[in-house]
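# Inside the fold
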Amino acid sequence: MGLPKDFLWGGATAANQCEGGYQEGGRGLANVDLMPLGKDRYLVGTGQKKMFEFDGQYVYPAQEAVDMYHHYKEDIALFAQMGFKTYRLSIAWTRIFPNGDEDLPNESGLAFYEDMFRECKKYGIEPLVTINHFDCPMHLIKTYGGWRSRRMIDFYVKLAKTLFERYKGLVRYWLTFNEINMILHFPFVAAGLYFEEGEDPTQVKITAVHHELIASSLVTKLAHEIDPENRIGCMMAAGSYYPETCAPEDYWKAIGDNRESYMFIDVQSWGYYPNYALKWVESRGAIIPFEKNDKKILRENTVDFISFSYYSSRVSSANPDKGKQTESNIFASVVNPYLKSSDWGWMIDPLGLRITMNELYDRYRKPLFIVENGLGARDTIEEDGSIQDDYRIKYLKEHIQAMIDAVEQDGVELMGYTTWGCIDLISNGTGEIEKRYGFIYVDRDNQGNGTFRRIPKKSFYWYKKVIESNGEDLSIES
Ligand code: BG6
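The model shown is predicted, which means the values in this text are computed figures rather than measured ones.

Conventions and cut-offs
- The residue count restarts for each chain, going from 1 along the sequence in the order it is written.
- In keeping with the predicted nature of the model, local features appear solely for residues at pLDDT of at least 70, side-chain atom pairs appear and are counted solely at 80 or more, and the whole-chain, interface and lining totals rest on all residues.
- Hydrogens are left out, water is left out, and the side-chain values use all remaining heavy atoms of the structure.
- Two strands make a pair as long as DSSP finds a minimum of two bridges between them.
- We count a stretch as a helix when DSSP gives it H or I for four or more residues in a row; a strand needs E for two or more, and each element gets its number in order from the N terminus.
- For helices, the fitted axis covers only the stretch in contact; all axes are lines through C-alpha atoms, and the angles between them, taken along N-to-C directions, range from 0 to 180 degrees.
- Only heavy atoms enter the contact rule, under which two residues are in contact if any of them lie within 4.5 Å.
- By convention in this text, a residue qualifies as near a molecule or strand provided that one of its non-hydrogen atoms is within 4 Å of it.
- In the analysis that follows, any N or O atom pair within 3.5 Å is treated as a polar contact, provided that within protein one partner can donate a hydrogen and the other can accept it, and provided that, for residues neighboring in sequence, both atoms belong to side chains.
- In short, Shrake-Rupley with a 1.4 Å probe defines the accessible areas, and a residue's cover is counted only from the protein chains shown.
- When residues are grouped by polarity, Ala, Val, Leu, Ile, Met, Phe, Trp, Tyr, Cys and Pro land in nonpolar, Asp, Glu, Lys and Arg in charged, and all others, Gly among them, in polar.
- For this classification, under 35 degrees means roughly parallel, over 145 means roughly antiparallel, 65 to 115 means roughly perpendicular, and everything else is oblique.
- Each crossing is labelled by how the near helix is turned from the far one, with a counterclockwise turn of less than a right angle marking it left-handed and a clockwise turn marking it right-handed.
- As used here, the term nonpolar core means buried Ala, Val, Leu, Ile, Met, Phe, Trp, Tyr and Cys residues forming a set that is joined through side-chain atoms within 4.5 Å.
- To sort residues, take the accessible area from a 1.4 Å probe on protein chains only and compare it with the maximum for the residue type: under 20% means buried, over 50% means exposed, and anything in between is partly exposed.
- Throughout, disulfides are identified as pairs of cysteine sulfur atoms within 2.5 Å of each other.
- Note that His is not counted, nor are the chain ends; the positive residues are Lys and Arg, and the negative ones are Asp and Glu.
- When a carboxyl oxygen of Asp or Glu is within 4 Å of a side-chain nitrogen of Lys or Arg, the pair counts as a salt bridge.

All right, on to the sheet that holds strand β14 (residues 414–420) then. Around the barrel, eight strands lie side by side as β1-β2-β3-β4-β5-β7-β13-β14; this closed barrel has parallel pairing. The sheet shows a mean angle of 25 degrees between the axes of neighbouring strands, direction not considered. Helix α14 (residues 390–408) rests against β1 (8–12), β13 (368–372) and β14 of the sheet, and its axis sits at about 170 degrees to β14.

Shown next, in the form of structure tokens:
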């Protein structure tokens, strides 16, 4: 019993949310750099407000983020102190290809990540690399319209090929696209989509996601050819929808909402669009822009494992006016009266993680990997300089227990668990750093003040013990 001995414990970050250094080492400009702090962030992220250049009236937190670009050695050393077996990070596309369509990569960017991977290896930490975590070169957005263009497939494949060749032997776990289902909800961030007047946003999103699915399959094939040791995962923003009541209409609505999340992972895992997805597209008056060979490409190159983020379950109601709505990781949901919420209104549901794991494993029958889970909360520094984040420990303890139950009692195959934002970083949804997830506090506030000093929180020492005991000791010392 217990978790497998080689279970991959660790933490996760994304380049644009932690690196900063947005103009260093020849890096080009990306969509994620242009995501402002404040209320317009949502409009920009959903492709409703155009933000193709910096505008002096906004703050852009990704420009400096938590300056991991200059602190990565210190940060990886801290991860190693916690005993990480894996560290999930993403590549900033514009460090490797600043414009996205160059013939040759930027050596300085390649060297930067090589050094990060070597640093990880020094401590026996296995890198888990997201090739694309919400970033797209602005040049590709301005010139080709982001992922609505089929040309993007070639640019992305070139990026991935460059990475596979350069990091062969250093990296073996790869994720093609972070939260591919996010395209439907946050399309400028997820696929570089800004909608021009008169365009049908649904058609544009379907086109873009089809291109990403083809790109993902081609890259899966390439990864296996370049190094048979490579393991490729898809990545889904997960969290099952419950029906608000046992009324059949509510249950039916929940099935539909869940399918909207599964839809693209089904393609990556099964190798084809299921019938309900084809009907979903058709009923919206849209088409999937299939080209010759596309179906073959999808069929022959399915992923090796299913990775996902889980923060919360969600609730569906057939009655659009009924129930108070909450924003849960950009996915709308009716408030669940049985659950407590975080400071940002995200419902907290550890059993929901076990439910989600079971549903995913029943559906795909491939190993799972939880690559994001955690609590965004406000932390305070005590007079003695410590950070007593018992609320975060409680959240993680309960979720880890639910995860262990799914493995031990339900037989779910699970490769590993990486908490989100193992070091404080910029929130994707709100742009705040003060929505903190980390085991490591970073001295920086929403207005951009602070020294970037790193301070281990109480949860840092707790997680160290959890990893050391392979999940057997989850106890909290007071
Ligand atoms: C996931 C993303 O959606 O949730 C991350 O993959 C993101 O990039 C995380 O940061 C938490 O969301 P937020 O809005 O609290 O940053």
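Picking up after the structure, the text goes on.
The next thing to look at is the site of the ligand. What surrounds the ligand is a group of 16 residues, the closest being Q17, E179, N428, K435 and Y437. The separation between an oxygen atom of the ligand and a polar side-chain atom of W420 is 3.2 Å. For the ligand, whose unbound accessible area comes to 380 Å², protein coverage reaches 100%. A class-by-class count of the residues in the shell around the ligand yields six nonpolar, seven polar and three charged.

What follows concerns the packing of helix α10 (residues 248–270) against helix α13 (residues 350–364). Contact geometry for α10 and α13: axes closest at 11 Å, N-to-C directions at 40 degrees. As judged from the angle between their axes, α10 and α13 are oblique. Pair α10 / α13 crosses with right-handed handedness. Between α10 and α13, the contacting residues are Y262, I265, D266, S269 and W270 on the first element and E359, L360, R363 and Y364 on the second.

Judged by nonpolar contacts, the single largest core of 153 residues is most densely connected at F79, Y113, M357, M403 and Y463. The biggest single contributor to this core is helix α9 (residues 201–226), with 11 residues. In this view, M357 contacts F308, L368, I370, M403, A406, V407, V412 and L414; residues no more than four positions away in its chain are not counted. Membership of the second largest hydrophobic core comes to nine residues, among which are L8, L128, Y173 and F305.

Okay, the environment of G146 next. Mapping G146 onto the fold places it in the loop between α6 (138–144) and α7 (151–166). Judged by its relative accessible area of 0%, G146 is buried. When the C-alpha positions of G146 and K457 are compared, they lie 40 Å apart, and in sequence the two are 311 residues distant. The contact partners of G146, leaving out residues within four places of it in the chain, are L140, I141, M152, A191 and G192.

A full pass over the atoms with the stated rule returns zero disulfides. Free of any disulfide, C136 has its nearest neighbouring cysteine sulfur in C18, separated by 19 Å.

Moving on: the side chain of E212. With respect to the secondary-structure elements, E212 resides in helix α9. Buried charge without a salt bridge: E212, with R148 as the nearest opposite-charge side chain at an N-O distance of 12 Å. When sequence neighbours within four positions are dropped, the list of residues in contact with E212 reads W147, F177, I180, I183, A190 and A191.

This brings us to the pattern of salt bridges. Across all of its chains, the model carries 36 salt bridges by this definition. For the salt bridge of E114 with R118, the shortest nitrogen-to-oxygen distance reads 3.0 Å. With E114 and R118 both in helix α5 (residues 107–122) and four residues apart, this pair spans about one turn of that helix. The class of R118 is partly exposed, set by a relative accessible area of 45%. Between K161 and E165 there is a salt bridge, with its nearest N and O atoms 3.2 Å apart. Linking K161 with E165, this pair stays in helix α7, spanning four residues, or about one helical turn. Among the ionic contacts, a cluster of salt bridges with common partners joins D379, D389, R392, D424, R436 and K457.

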